[in-house]
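Tertiary structure, described
Listed below, chain by chain, are the residues.
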Amino acid sequence: MRELRFHRELYRGESVDEAIKVYAPYATITPVEHETHWVVKIESKSAARERKIGDEMANYALGLTIRNQGV
Amino acid sequence: MSTIEGIPADVAHVDLDEKRAVLELDATLYPVESLYSAAFVFIDRHYVFLDRPDAQKLRIVVTPKKLEADPEAAKEQLRGVVGELANELVTAAWRHQITQENRARIEAVTLQAMAGSMGPPSLDDLEDFDFTDEAFEDPLGIALSWEEKYAKKGEAKAEASEGTADSPETSDAAEATAEAKGEEE
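Below is a short write-up of the structure.

So, how was this worked out
Residues numbered from 1 in each chain as written. Chains lettered and ligands numbered in written order. Predicted model: local features only at pLDDT ≥ 70, side-chain atom pairs only at ≥ 80, totals over all residues. Axes fitted to C-alpha atoms, helices over the stretch in contact; angles between N-to-C directions. Helix = DSSP H or I, 4+ residues; strand = E, 2+ residues; numbered from the N terminus. Parallel < 35°, antiparallel > 145°, perpendicular 65-115°, else oblique. Left-handed = near helix turned anticlockwise from the far one by under 90°. Contact = placed C-beta atoms within 7 Å. Nonpolar A, V, L, I, M, F, W, Y, C, P; charged D, E, K, R; others polar. Core = buried A, V, L, I, M, F, W, Y, C linked by C-beta atoms within 7 Å. Buried ≥ 20, exposed ≤ 12 C-beta atoms within 10 Å, placed from the backbone. Expected span 1.5 Å × (residues − 1).

Packing of helix α2 (residues 47–69) of chain A against helix α1 (residues 32–42) of chain B leaves a shortest axis separation of 10 Å and a crossing angle of 130 degrees. As the angle between them shows, α2(A) and α1(B) are arranged oblique. Note that α2(A) runs across α1(B); the crossing there is left-handed. For the pair α2(A) and α1(B), the contacting residues are A:L62, A:I66 and A:Q69 in the first and B:Y36, B:A39 and B:F40 in the second.

Below, the structure is given as structure tokens:
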């Protein structure tokens, strides 16, 4: 299992939620409530696949966050 | 984990096992907007992950989507990524600072553009407009009309010619005055 911790001051919650929706068909993705981070647990067939999905999801969440910031 | 030559290990390092480069930044030097801006440049060729380990620090983790197979070449590639990212961060931070400094000017220009796009004033607007006010103060007399400016010269010459009729002495004095006025103008 791979765990991603998106800091709440750097990532928009809506962007993380959207990223979870997009990559949900490729792995079991579980969001977990945390005080300072949006924590996401990813489970898939292999560690390599979990890593790949995690990386892609993080990029997607960051891209959406930046787009909504208007930078 | 290996360090990068010329950069302290607590600022940037390369992790070959995880195939990534990690850069730690002082949050007081780099605003979050510059972090986003720099990250956006890298997002197509790398996986970028941002974090804030504490209130004063920001962390960027960059993993190239395609990394060299040879460990030495991979290390060199990651070093290059760190250098490029550091440069991009400085550029973004500087651009952000300029934007902040020019914010008032940008807002004024935008406001003028918006006001201009509203079109010419209607007849009712012009009827209500108060034209009695002075346009602006001009203590140095710069805003003279062409007629005002050259009428003085004409008047001075006319006075000078009148003086010639009276006496030669007064005509010389009048010419000198006219010349002096011309020089002043």
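There is more to say, and it comes next.
Attention now goes to the interface of chain B and chain A. Each partner contributes residues to the interface: chain B has 14 residues there, and chain A has 11 residues. Among the secondary structure elements, those contributing two or more residues to the side of chain B that touches chain A are α1 and β4 (46–51) of chain B. By residue class, the composition of the side of chain B that touches chain A is 9 nonpolar, 2 polar and 3 charged.

The backbone of B:K19 sits at a positive phi, close to 55 degrees, despite the residue not being glycine. Checked against the element boundaries, B:K19 lands in the loop between β2 (12–15) and β3 (20–26).

Counting 40 residues, the largest nonpolar core has B:A21 and B:A39 as the members making the most contacts within it. Every residue in contact with B:A39, bar those within four places of it in the chain, is listed here: A:L62, A:I66, B:V48, B:L50 and B:I60.

Our next topic: helix α3 (residues 103–117) of chain B. All names here are of chain B. Between its first and last C-alpha, α3 extends 21 Å over 15 residues, near the 21 Å set by a 1.5 Å rise per residue. α3 sits mainly on the outside: 0 of its 15 residues count as buried. Trailing α3 by a residue or two, G119 shows a phi angle of about 95 degrees, which is positive.

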